[in-house]
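Observations on the three-dimensional arrangement
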Amino acid sequence: MMAINLENVTKAYGSQRALDSLTLGLFEGQVTGILGPNGAGKSTLFKAIVGLVRPDAGRITVLDSRPSWKTNGQIAYLSDQCRWYGSHTVQHSIDYAAAVFPHFDQKRAEQLLASMGLNRDVTVGTLSKGHEARLKLIICLARDVRLMLLDEPFSGIDLVSREKIIQGLIESFAERKQTIIISTHEIREAESLFDQVVFIDQGQVVLSGEVEALRQEKGSLESIYRGLFQ
Amino acid sequence: MNEFWALVGNTRQLKKSNGLRTASWWKIYIAFFCLLAMGSLCFSIYHGTIGPMVLLIFIPFLIFAAFGPSIGLVGREWSGQTVSWWLTLPYPRAELLFAKLVGMFIHWLKIAAGSVVVLAVFAAVGMLLNPVVWTTGALGIAAAVAVKLYILTIAATPLAITMGMLISVTRHSRLRPLMPIIMIMAIWLATSAINYVVISLFHNTAGDVAFPYVSPALSSINPLFMITSIVAGLFLSAIIFGAASYILAEQTEA
Amino acid sequence: MEEANASGLMFKLDLSKPLWEQVLHQIRGAVARNDLQPGEKIPSLRDLAQQLKINPNTVMRAYQELERDGLTETRRGQGTFITASQQKIAEARDLLAQEAVREFVSSMKALGIDRPAACTLLEEAKWS
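Residues numbered from 1 in each chain as written. Chains lettered and ligands numbered in written order. Predicted model: local features only at pLDDT ≥ 70, side-chain atom pairs only at ≥ 80, totals over all residues.

We now examine the overall build of chain A. If you tally the helices and strands in chain A, you get eight helices and nine strands. Expected size for 230 residues packed as a compact globule is a radius of gyration near 17 Å; at 17 Å, chain A falls within 12% of this value. Projected onto its principal axes, the C-alpha positions of chain A cover 45 × 35 × 35 Å. Evaluated residue by residue, chain A yields a buried proportion of 51% over its 230 residues. For chain A, the proportion of contacts with a sequence separation of at least 24, taken over those separated by at least 6, is 71%. (Helix = DSSP H or I, 4+ residues; strand = E, 2+ residues; numbered from the N terminus. Rg over C-alpha atoms; globule rule 2.2 N^0.38 Å. Buried ≥ 20, exposed ≤ 12 C-beta atoms within 10 Å, placed from the backbone. Contact = placed C-beta atoms within 7 Å.)

Quick look at the structure:
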């Protein structure tokens, strides 16, 4: 069962093709890693799925619909270049998220705040990058939705925050069968989370498959990555 | 509807994150400027160069307190890097914009209310410093005119807000090249409005623009004129709002 | 090599080989060596995934295999337990022993040592 389907999707910025006739299916209920060098088109892929960019050609199906704000009710999307509202306190962030995001589990959010060690009364603007990353992830994890898209959730984050985020992800995935798509550069740390993996370069799929099968055939994802992109 | 009021409330939150303007040294400059302005006003009042009616001239300019910030209202989602949260919200784009409009309007109403207080204070000051000009009779007439001006200004404010939003939405969309045209439209609208208010309402019986004389027309703005102005203003605002919603929905990428 | 401690058990996971097999293998080894007692409760799927920092599906695959072998049994509402059956444990031990022998044979062959020489080495080897 495919949660997301892309058929010959092309998106160009000027003469540069971020997505080049890309065809890809992403399995429902699995954790899929999207790996590739900078500029490979990973972020554009995510944005096309949530409707933030519109492809020049091709067809995208997300949860049996076209990408649009309507479909986004069932999608938790964490952009690679986003901040949370700096003037909010942590507590207000949760209250606001509960009001604007459908299927937001406030109790779960409070539990996650505790397990991630975030102080409720602190202003988000004063949080360190790692703590803000934890908060952004909590806002995604606390949503009871079918699909979660995380674009480089570990980028520039300190070790402890990364481990907390991974912990939160495993917990969430064990509890509810969601489709989770993660793009990251921290391959060694994250590869043990993936059921499936997709390697992307220059807007196209270079290699994809079940992670354990690929390990059997070719070795660790990190070594496969090196083999493909060195 | 839960989410709508949360979005409205968030407009106020967005305003809070204006680092430069709340710096304490900046506040000192503003305070100093205000004192200077108030000082010269009191001076003019005392020497009779200014009567109650003249103070009312600033009321229409209140719409700029809505216009400027409205441009930033949408832009701040981009500059604050929260646009990926905002634009992926599962609500129609019109609802997202309308929440910002309402939030801005409520904020502006508070400023307008504040301006009423300021006027009242100056009325008291006037009566104190120059009871010859600032009689209760003159103040009564001024108050009646003020009410009419406030009503017209409140009716015009949605236009200013939607215009600001249109400018900002266009700036962040594929239709960005159209921005100069929209800016010209905005400037034309603003100058026509100011032209009308200042020149046609603040002239003496000889037809010249001159302080402190005020046109008889100002004291007798008839209800029909007011209603037509309000309806026209709201109608125009709706059109501009529709344009902004369309652009946000169909022509914007983040 | 990722090392992790899960409820007192040491796991060593090599990312260049399928993880589920390693989890399975290492639990089997723990049972065979009596690091895990008969009837002992092992961590839940979620807990083990958390402690090893791997995908719960990986742990699930290993647990399913253990269940199929009869090395573990899941009691609803209570958790997963190592079998009390000595026979099953003995079977696991045999399996691992045979694997170890296969590896020994491969190593010897790779070194060009034939069977008689290998047996002599075994006889002379220290056993305590």
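And the narrative resumes.
Here the focus is helix 5 (residues 159–175) of chain A. Helix length check: helix 5 of chain A (17 residues) gives 24 Å between terminal C-alpha atoms against 24 Å at 1.5 Å per residue, within 8%. What helix 5 of chain A keeps buried is the set Ser161, Arg162, Lys164, Ile165, Ile166, Gly168, Leu169, Ile170, Ser172 and Phe173 of chain A. (Expected span 1.5 Å × (residues − 1).)

Facing the 20 residues of chain B at the interface are 21 residues of chain A. Secondary structure elements with two or more residues in the side of chain B that touches chain A: helix 1 (2–16) and helix 5 (83–86) of chain B. Top element by residues in the side of chain B that touches chain A is helix 1 of chain B. It accounts for seven residues. Broken down by class, the residue content of the side of chain B that touches chain A amounts to eight nonpolar, nine polar and three charged. (Nonpolar A, V, L, I, M, F, W, Y, C, P; charged D, E, K, R; others polar.)

Attention now moves to the sheet that holds strand 2 (residues 16–27) of chain A. All names here are of chain A. If you walk across this open sheet you meet the three strands as 2-1-4, and the pairing is antiparallel. Each of the sheet's edge strands pairs with one partner strand only, and the pair in question is strand 2 and strand 4 (57–62). The average angle at which neighbouring strand axes cross in this sheet is 15°, direction not considered. Where strand 1 (residues 2–13) lies against strand 4, five bridges are found, and the strand directions are antiparallel. Looking across to strand 4, one finds that Asn5 is bridged to Thr61. (Pairing = 2+ DSSP bridges. Axes fitted to C-alpha atoms, helices over the stretch in contact; angles between N-to-C directions.)

Attention now moves to the domain arrangement of chain B. Residue and element names in this part refer to chain B. Split by domain assignment, chain B resolves into domain 1 (19–49) and domain 2 (51–250). Counting from both sides, the interface comprises five residues of domain 1 and, opposite them, six residues of domain 2. The class makeup of the residues in the side of domain 1 that touches domain 2 is three nonpolar, two polar and no charged. (Domains from an automatic or database assignment.)

Residues and elements named next belong to chain C. The geometry of helix 2 (residues 45–52) relative to helix 3 (residues 56–69) is characterised by a closest axis approach of 9 Å and an angle of 125° between their N-to-C directions. Judged by the angle between their axes, helix 2 and helix 3 are oblique. Judged by the sense of rotation from one axis to the other, the crossing of helix 2 with helix 3 is right-handed. Mapping the contact onto sequence places Leu45, Arg46, Leu48 and Ala49 in helix 2 and Pro56, Val59, Met60 and Tyr63 in helix 3. In the contact of helix 2 with helix 3, the residues fall into seven nonpolar, no polar and one charged. (Parallel < 35°, antiparallel > 145°, perpendicular 65-115°, else oblique. Left-handed = near helix turned anticlockwise from the far one by under 90°.)

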